[in-house]
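Each chain is listed here by its residues.
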Amino acid sequence: MSKSQRQGKRISRIMLTIIALLLILSCFIAGYSWWLYQIKKQDEYQPEKRTLVIPVFMSLGAFTVNLIDNDKRDRVLYVEITLRLTDEETRKRLHDFMPEVRSRILLLLSRQKATDLVTEAGKIHLMSEIKQALRPTFESELEESEQIITDVLFTTFILR
């Protein structure tokens, strides 16, 4: 064998080794990329775990009011109201100002018409009015945010 043939075999062996290493490296990179893609794909399809938020309820007790009636009959509304609130701080604030809370609701209830409260739409409208009546802060001097009331629940509703 001549010297040039040996160098040719050496170069071809070196080239073959380099090509083999590049092939192994490219397979490794492709496998790693596929693995990362699969992990990302699994993360996208897993539903988010929700934390259970326990609602804060506050009972306002019973209210009994005379209602406006066009027939000049005495109509009485007896209703027990429970509020669903966003947090404990709002419950504490409403509890601290309970006389004002009850006063706002009594004034609101006494302005209602019996014919409106007979229907479901009237009751739903009353719920939204109660939310609006209790939203403003109780102390004008304090820079507190408004109370957020999630829902108004009627636990008893008797119209006579």
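This section reports on the structure supplied with the text. (Residues numbered from 1 in each chain as written. Predicted model: local features only at pLDDT ≥ 70, side-chain atom pairs only at ≥ 80, totals over all residues. Heavy atoms only, no water.)

1. With respect to helix H5 (residues 120-134)
Point 1. Compared with the 21 Å implied by 1.5 Å per residue over 15 residues, the 22 Å span of H5 between its first and last C-alpha is a close match.
Point 2. The secondary structure elements touched by the buried residues of H5 are strand E2 (75-85), helix H3 (98-110), helix H4 (114-117) and strand E3 (149-159). (Helix = DSSP H or I, 4+ residues; strand = E, 2+ residues; numbered from the N terminus. Expected span 1.5 Å × (residues − 1). Contact = heavy atoms within 4.5 Å.)

2. With respect to the packing of H3 against H5
Point 1. Remark: H3 packs on H5, axes separated minimally by 10 Å, with the N-to-C direction vectors making an angle of 140°. Taken together, the axis directions place H3 and H5 in an arrangement best described as oblique. Viewed along their axes, H3 and H5 form a crossing whose handedness is right-handed. Listed contacts from H5 to Val 101, Arg 104, Ile 105, Leu 108 and Leu 109 of H3 are Leu 126, Glu 129, Ile 130, Ala 133 and Leu 134. (Axes fitted to C-alpha atoms, helices over the stretch in contact; angles between N-to-C directions. Parallel < 35°, antiparallel > 145°, perpendicular 65-115°, else oblique. Left-handed = near helix turned anticlockwise from the far one by under 90°.)

3. As for the pattern of salt bridges
Point 1. In this structure the tally under the stated criterion is four salt bridges.
Point 2. A salt bridge links Asp 96 to Lys 92, with the nearest nitrogen and oxygen atoms 3.1 Å apart. With Asp 96 and Lys 92 both in helix H2 (residues 88-96) and four residues apart, the pair spans about one turn of that helix.
Point 3. Here Arg 104 ties to Glu 100 by a salt bridge, and the two come within 3.1 Å at their closest N and O atoms. In this pair, Arg 104 and Glu 100 both sit in helix H3, four residues apart, roughly one turn of the helix. (Salt bridge = Lys/Arg side-chain N within 4 Å of Asp/Glu carboxyl O.)

4. Looking at the side chain of Gln 147
Point 1. With respect to the helices and strands, Gln 147 occurs in the loop between H5 and E3.
Point 2. Judged by its relative accessible area of 1%, Gln 147 falls in the buried class.
Point 3. A polar side-chain atom of Gln 147 sits 2.9 Å from a polar atom in the side chain of Arg 93.
Point 4. Only 3.1 Å separates the side chain of Gln 147 from the backbone oxygen of Leu 134, close enough to count as a polar contact.
Point 5. For Gln 147, the contacting residues outside a window of four places in its chain are Thr 90, Arg 93, Leu 94, Leu 134, Arg 135, Pro 136, Thr 137 and Phe 138. (Buried < 20%, exposed > 50% of the residue type's maximum accessible area, 1.4 Å probe, protein only. Polar contact = N/O pair within 3.5 Å; in protein donor to acceptor, adjacent residues only side chain to side chain.)

5. Quick look at the packing of aromatic side chains
Point 1. Tallying each qualifying case throughout the model produces two aromatic pairs.
Point 2. Here the aromatic rings of Tyr 32 and Trp 35 are separated by 6.0 Å at their centres, their planes lie at 35°, and the arrangement is tilted. Taken together, the positions of Tyr 32 and Trp 35, both in helix H1 (residues 3-45) and three residues apart, correspond to about one turn of that helix.
Point 3. Its relative accessible area of 46% is what places Trp 35 among the partly exposed residues. (Phe/Tyr/Trp six-rings, centres within 6.5 Å; stacked < 30°, edge-to-face > 60°.)

6. What about the pairing of E2?
Point 1. Where strand E1 (residues 56-67) meets E2, 11 bridges bridge the pair, whose relative direction is antiparallel. Across the sheet, residue Val 65 finds its bridge partner in E2, namely Leu 77.
Point 2. Inspection of the sheet shows E2 paired to E3 by nine bridges, in the antiparallel sense. By the bridge assignment, Arg 84 is partnered in E3 with Asp 151. (Pairing = 2+ DSSP bridges.)

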